Each structure stands twice: as C-alpha cells, then as structure tokens.
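# Overview (structure and organization)
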Amino acid sequence: MNRRPLFAPSYSVTPVAAGVASPCVSVCTMNEQTGLCNGCLRTLDEIAHWGLYDDDEKRAVWAQLAERRAQQAR
C-alpha cells in the first residue's frame, strides 16, 4: 500500500533573512558608561542601522564586537 503524506506543501521553503546574522542575544539594555548594549556590545547607532548595513558593514561590526569582547575579558 502506498502512503501519501497528509500534508505535502506545494511550495519551497526559503530562509526569511539571508546574509550576515544579527549579533542580538535579546538582552537589550544599554550600559550608560560604555554606550554599548549589555547583550551584544553594539552601539545604539549599530543597532539602529543594522537593517540598512550591507553584508560587508555587518562583518565589520562583528569584527569590532570581537575586539570589544576581548577588551572586556582583560
């Protein structure tokens, strides 16, 4: 007996957001002393402009985040 799936979508699933992922970790509080988000270590400008940045700009922010994390670890 051949079994057919009860639900067989007739469309292909594609990711909603392509490109460089956001560094947001949903801990959205700003540190008044550093001017950085306590969760992702981005500035308000970086957060506000993230959706406008191209992938190269987003990668540049990621590189800065790595430097910021390293500085915090010291």
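Our structure's up above, just so we're on the same page.
Okay, so let's go over this structure. (Residues numbered from 1 in each chain as written. Predicted model: local features only at pLDDT ≥ 70, side-chain atom pairs only at ≥ 80, totals over all residues. Heavy atoms only, no water.)

## Things to note about the overall build of the protein
Quick note on the threshold: By the criteria applied, helices consist of DSSP H or I runs no shorter than four residues and strands consist of E runs no shorter than two, each listed in order from the N terminus. Exposure categories follow from relative accessible area, calculated using a 1.4 Å probe and restricted to protein chains: below 20% of the type maximum is buried, above 50% is exposed, and the middle band is partly exposed. Residue contacts are counted whenever heavy atoms from the two residues lie within 4.5 Å of one another. Surface accessibility in these figures is a Shrake-Rupley result with a 1.4 Å probe; residues are shielded only by whichever protein chains are displayed.
Looking only at helices and strands, the protein has two helices and two strands in total. Ordered by position from the N terminus, the helices and strands of the protein form the series β-β-α-α. The buried share of the protein, reckoned over its 74 residues, is 18%. Within the protein, contacts between residues separated by at least 24 positions form 34% of all contacts whose residues are at least 6 apart in sequence. A total accessible area of about 6,300 Å² is found for the protein, and carbon and sulfur atoms account for 53% of it.

## So, unusual backbone geometry
For Ser26, which is not a glycine, the phi torsion comes out positive at approximately 60°. Looking at the element boundaries, Ser26 is found in the segment before strand E1 (30–31). In this structure, Leu41 takes a positive phi of about 70° despite not being glycine. With respect to the secondary-structure elements, Leu41 resides in the loop between strand E2 (36–37) and helix H1 (44–49).

## Details of the environment of Cys40
Tracing the sequence through the fold places Cys40 in the loop between E2 and H1. Sequence spacing of Cys40 and Thr29 is eleven residues, and the spatial spacing of their C-alpha atoms is 9.5 Å. Dropping the residues within four chain positions of it, Cys40 is found in contact with Pro23, Cys24, Val25 and Leu65.

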